[in-house]
Amino acid sequence: MFSLSVKSSALGSAFNLSCFIQNCQEVLQNNNASHVNQDLSNADGIMMMVVNEKSGSVLLRKTFNTWNVFTYAQDLVWWLSRVQAGRIVVMTVHRAGTYGVEAAVSTLQSLGSLLISYAPPRALWVWMFIAGGRTIVEAIAPNSKWLHNSFAELYAHAYTELSIHNASSAVISKHDLHSSLCEHEAAMGSFCENHNYKTPSAVKPMSSGTGNNITHKIGIVVCAGGRVQYLSNTLSKLLANDGIFLFNVLVIVGRDPSSDGPNTSVISLLKLLQIKYKVVDIPREVPSINHGLFQFYREAWSTGITTFPSLQYIAFLDEDVEVSRDWLETLSHFAPALDTDPSLWCVSGSASGHRYVFPDPTIFLRGFRQPGWGYLFSMAEARSMVAKWPASSSVSLLYDNFLYSVMSRGRECIFPSLSRSYHYGVGVNTVPEIHQLYFLDQPLYSGERVHLPPTEELTQKGYESRVKSSLESAIPITRNPCAPGFLIPPSAHESKHFVFYFFMEDPNDSPEWPTLAECIGAWPYSTQSHHHGCYEIPQPWGGSMWLVGVPYSRYRYLRPPSVPIWKIKSQQELDSATSFSNALRIPPKVNRTLALASTDLFLKS
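Quick look at the structure, then. (Residues numbered from 1 in each chain as written. Predicted model: local features only at pLDDT ≥ 70, side-chain atom pairs only at ≥ 80, totals over all residues. Heavy atoms only, no water.)

## Digging into helix α9 (residues 289-307)
Between its first and last C-alpha, α9 extends 26 Å over 19 residues, near the 27 Å set by a 1.5 Å rise per residue. What α9 keeps buried is the set Gly292, Phe294, Gln295, Phe296, Tyr297, Arg298, Ala300, Trp301, Thr303, Gly304 and Ile305. (Helix = DSSP H or I, 4+ residues; strand = E, 2+ residues; numbered from the N terminus. Expected span 1.5 Å × (residues − 1). Buried < 20%, exposed > 50% of the residue type's maximum accessible area, 1.4 Å probe, protein only.)

Dropping the structure here:
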């Protein structure tokens, strides 16, 4: 039998687990239970612990910063959805955590929570339950004062029985890498739900009707750290791609921050999947995490190139990037354009980040931008970049921004309107609001194979011809983009394209662009994804909204003299536009107010 004790308070939280049989006590003293009976003081939010119901070892301890209304509740849902049935899950508020939990409330209720929907923004909360089963104990208390003025504490204590554990099966599992990994890790999802696990085949045949089949010429490098749950999910999606060659996949493993070497569970996972891997060790004596990451990616690229010297292309993924089933087919379809068109430098699987683009899986664009996530280069281009990649950068320590700023040299990328690669993970450089609005909330294509446009349409000549033709037929819009009624669907007899001309002298210094982008739901934090000063935003009626920056754009000559150029001319105009865009960016719903929650739950007669 286990004894579980949890404290939730505005000053911190704590967790203690003990049991009453010799075997369990021995397990609690090993490395698998290193987080037992520790003060949980590393971050504010909802702390989740997953306990092995057979041994009592703590498999996972993770904090979700749900004091913030963006991103972290969605991340909590992702992890909860992957916890294996039967595990004991302990959740507690560490200092502050219910303010931004709203996006996870329905999931928590579906798992059995009765009280979370009543939690006020500063509630203390403890919930222990068995995944896929029953609640052990749940308690909640309002906290009427802000953290620095509050000494409120909430304690919960419960007992639960160990699951029946056959000693002979435990001996067998030590020789079964899959069972051992699943016994020592939590939130592995379908990987650990399949008890008849089989090693994937070395080659997955292409579906019939696939056109340009050059997937065997692509080396795929996956950059990983110690987050085995993310890596397991990413690799499972990658290996589901048609036409993938397992021997063309390489995982670069960095040092686990909690140890002096690679994460042992990550290595076990890669051995199970029979995927090649190399361990890259970056010295700890770097000035910052981003300095270390900058060096890690340089080593990952270099190792990928030397591992696949005879291949023609190389693609890169991170451990927390999920891909669609046609991701590899899409990259391979457009890859030959890199060999024939010197104005291109990459093919990306990720969309532009515009929030209101019609998600048509057959539309592909090109523009000046970072590679994004899940991208491909020619091997020759990758070799050239590694040769010029320094140990550190004065431009940016974010490696993808460095590549764009220094290595792109005025060339464009091909990318989809509807993403084939999706950044779902939360890491050291995550900005919660940006991550949710422009990445988590954007769809990943999940349908069947579609007919991809001919490669020639995305070469410079073909693409510029299409842009020119569309702009010539487009209806100019002269309305205020930062006011209601800016974009109105065309009538049956009108052109399906619209064009809006705005002031932009330099894409690296364009005061109008952030305001315009915020008002229409485009990516506002840089002018990336433009095609020579022109942005295409596909619409559901089959046409596009075109934004042309004048006088910078090479398409400026298509503007009729009578059509004005939108420009912010006064502080009053800027304030009005900002007010409009702020009203559009409504934050996620904050959990219930203290007064309402107290009325519904705590003060009933």
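Here the narrative resumes.
## Considering empty space enclosed by the protein
Under the definition given, this model contains three cavities of 30 Å³ or more. A volume near 100 Å³ is recorded for the largest cavity. Forming the boundary of the largest cavity are 13 residues, of which Leu365, Ser529, Cys534, Tyr535 and Glu536 lie nearest the centre. Within the residue set of the lining of the largest cavity, elements represented by two or more residues are β15 (364-367), α15 (460-473) and β21 (534-538). Looking at the lining of the largest cavity element by element, the count peaks at three residues for β21. (1 Å grid on protein atoms, 1.4 Å probe; cavity = no way out; pocket = protein on both sides within 12 Å on 5 of 7 lines; lining within 4 Å. Points joined across faces, edges and corners; volume = space filled by probe spheres on them.)

## Looking at the side chain of Ser324
Looking at where Ser324 falls in the secondary structure, it is placed in the loop between β13 (321-323) and α10 (327-334). Relative accessible area serves as the criterion here: at 2%, Ser324 is assigned to the buried category. Looking at Ser324, its side chain comes within polar contact range of the side chain of Asp326, at 2.6 Å. With residues near it in sequence (within four places) discarded, Ser324 still touches Asn241, Arg420, Leu444 and Tyr445. (Polar contact = N/O pair within 3.5 Å; in protein donor to acceptor, adjacent residues only side chain to side chain. Contact = heavy atoms within 4.5 Å.)

## Focus on the pairing of strand β17 (residues 412-416)
Of all five residues in β17, five are buried; the element is thus mostly enclosed. Across the two faces of β17 the burial is the same, with Glu412, Ile414 and Pro416 and Cys413 and Phe415 all buried. With three bridges connecting them, strand β14 (residues 344-348) and β17 associate as parallel partners. The residue bridging Leu344 from the neighbouring strand is Glu412, located in β17. (Pairing = 2+ DSSP bridges.)

## A short note on the sheet that holds strand β9 (residues 218-224)
Spatially, eight strands are ordered β11-β10-β9-β12-β16-β14-β17-β15 in an open sheet, and the strand pairing comes out mixed. At either end of the open sheet lies a strand with only one pairing partner, and these are β11 (276-279) and β15. Put simply, the sheet's adjacent strands are angled 25° from each other on average, direction ignored. Note that β9 and strand β10 (residues 249-253) share five bridges and pair parallel. Residue pairing in the sheet places Ala224 in a bridge with Val253 of β10. The strands that helix α12 (residues 379-388) touches are β12 (313-318), β14 and β16 (375-378); relative to β16, the one it contacts most, it runs at about 90°. (Axes fitted to C-alpha atoms, helices over the stretch in contact; angles between N-to-C directions.)

## A closer look at the packing of helix α7 (residues 228-239) against helix α8 (residues 264-273)
Contact pair α7 / α8: the axes reach a minimum separation of 10 Å and the direction vectors enclose 20°. One finds that α7 runs roughly parallel with respect to α8. Judged by the twist between their axes, the crossing of α7 over α8 is right-handed. Residue-level contacts link Val228, Leu231, Ser232, Leu235 and Leu239 of α7 to Ser265, Val266, Leu269, Leu270 and Leu273 of α8. Residues of the contact of α7 with α8, tallied by class, amount to eight nonpolar, two polar and no charged. (Parallel < 35°, antiparallel > 145°, perpendicular 65-115°, else oblique. Left-handed = near helix turned anticlockwise from the far one by under 90°. Nonpolar A, V, L, I, M, F, W, Y, C, P; charged D, E, K, R; others polar.)

## As for the pattern of salt bridges
Inspection of every chain in the model, using the stated rule, returns 18 salt bridges. As a salt-bridge pair, Glu53 and Arg87 come within 2.8 Å of each other at their nearest N and O atoms. One end of the pair, Glu53, is in the loop between β3 (45-51) and β4 (58-64); the other, Arg87, is in the loop between α2 (72-80) and β5 (88-94), and 34 residues separate them in sequence. Each member of the pair Glu53 and Arg87 is classed as buried. Where salt bridges share partners, they join Glu53, Lys54, Arg87 and Glu183 into one cluster. (Salt bridge = Lys/Arg side-chain N within 4 Å of Asp/Glu carboxyl O.)

## Some points on the nonpolar core
A general feature of soluble globular proteins is that nonpolar side chains tend to end up buried together. The biggest cluster of nonpolar side chains holds 65 residues, and the ones touching the most others in it are Ile220, Leu235 and Leu238. The dominant element in this core, judged by the number of residues it contributes, is α8, at six residues. Discounting chain neighbours no more than four positions away, the residues touching Leu235 are Val222, Val251, Leu269, Leu270, Leu273 and Ile275. Residues Tyr72, Leu115, Ala119 and Ala187 belong to the second largest nonpolar core, which totals 37 residues. (Core = buried A, V, L, I, M, F, W, Y, C linked by side-chain atoms within 4.5 Å.)

## So, the packing of helix α5 (residues 177-184) against α8
Two elements in contact, α5 and α8, have axes separated by 10 Å at closest approach and are oriented at 150°. Here α8 runs roughly antiparallel to α5, going by the angle between their axes. Remark: the crossing between α5 and α8 carries left-handed chirality. Packed against α5, whose contacting residues are Leu177, His178 and Leu181, the element α8 presents Ser265, Ser268, Leu269, Lys271 and Leu272 at the interface. By residue class, the composition of the contact of α5 with α8 is four nonpolar, three polar and one charged.

## Regarding the environment of Ile252
Among the structural elements, Ile252 can be located in strand β10. Between the C-alpha atom of Ile252 and that of Ala224, which follows or precedes it by 28 residues, the distance is 5.9 Å. Discounting residues that sit within four places of it in the chain, Ile252 has contacts with Val221, Val222, Cys223, Ala224, Lys278, Val280, Phe296, Ala300 and Thr303.

## Concerning the sheet that holds β21
Pairing within the open sheet is mixed, and its four strands lie in the order β19-β20-β22-β21. Because the sheet does not close on itself, it has two edges, and the strands there are β19 (475-476) and β21. Two strands pair when backbone bridges link them, and β19 and strand β20 (residues 498-504) are joined in this way by two bridges, in the parallel orientation. What sits directly across from Pro476, in β20, is Val499. Here helix α16 (residues 512-520) sits on the sheet in contact with β20, β21 and β22 (544-551), set at roughly 150° to β20.

## A look at the packing of aromatic side chains
A full pass over the atoms with the stated rule returns 32 aromatic pairs. An aromatic cluster is defined as three or more aromatic residues linked by ring pairs; in this entry it consists of Phe294, Phe296, Tyr297, Trp301, Phe316, Trp345, Tyr375, Phe377, Trp389, Tyr399 and Phe402. The ring of Phe415 has Arg369 lying over it, and the distance from NZ or CZ to the ring centre is 4.8 Å. Sitting over the ring of Phe503, Lys567 keeps its end group 4.2 Å from the ring centre. (Phe/Tyr/Trp six-rings, centres within 6.5 Å; stacked < 30°, edge-to-face > 60°. Lys NZ or Arg CZ within 6 Å of the ring centre and 35° of its normal.)

## So, the state of the cysteines
Counting across every chain of the model gives three disulfides. What pairs with Cys182 in a disulfide is Cys192, and their sulfur atoms sit 2.0 Å apart. Between Cys182 and Cys192, the S-S dihedral sits near -90°, and the bridge is therefore left-handed. A residue pair is termed long-range when its members are at least 10 positions apart, and Cys182 in helix α5 and Cys192 in helix α6 (residues 190-193) qualify at 10 residues. On the accessibility criterion, Cys192 (3% relative accessible area) is buried. Between the sulfur atoms of Cys482 and its disulfide mate Cys519 the distance is 2.0 Å. Linking Cys482 and Cys519, the disulfide has an S-S dihedral of approximately 100° and is accordingly described as right-handed. Highlighted residues: Cys482 in the loop between β19 and β20 and Cys519 in helix α16, separated in sequence by 37 residues. Exposure class is identical for Cys482 and Cys519. Each is buried. (Disulfide = S-S within 2.5 Å.)

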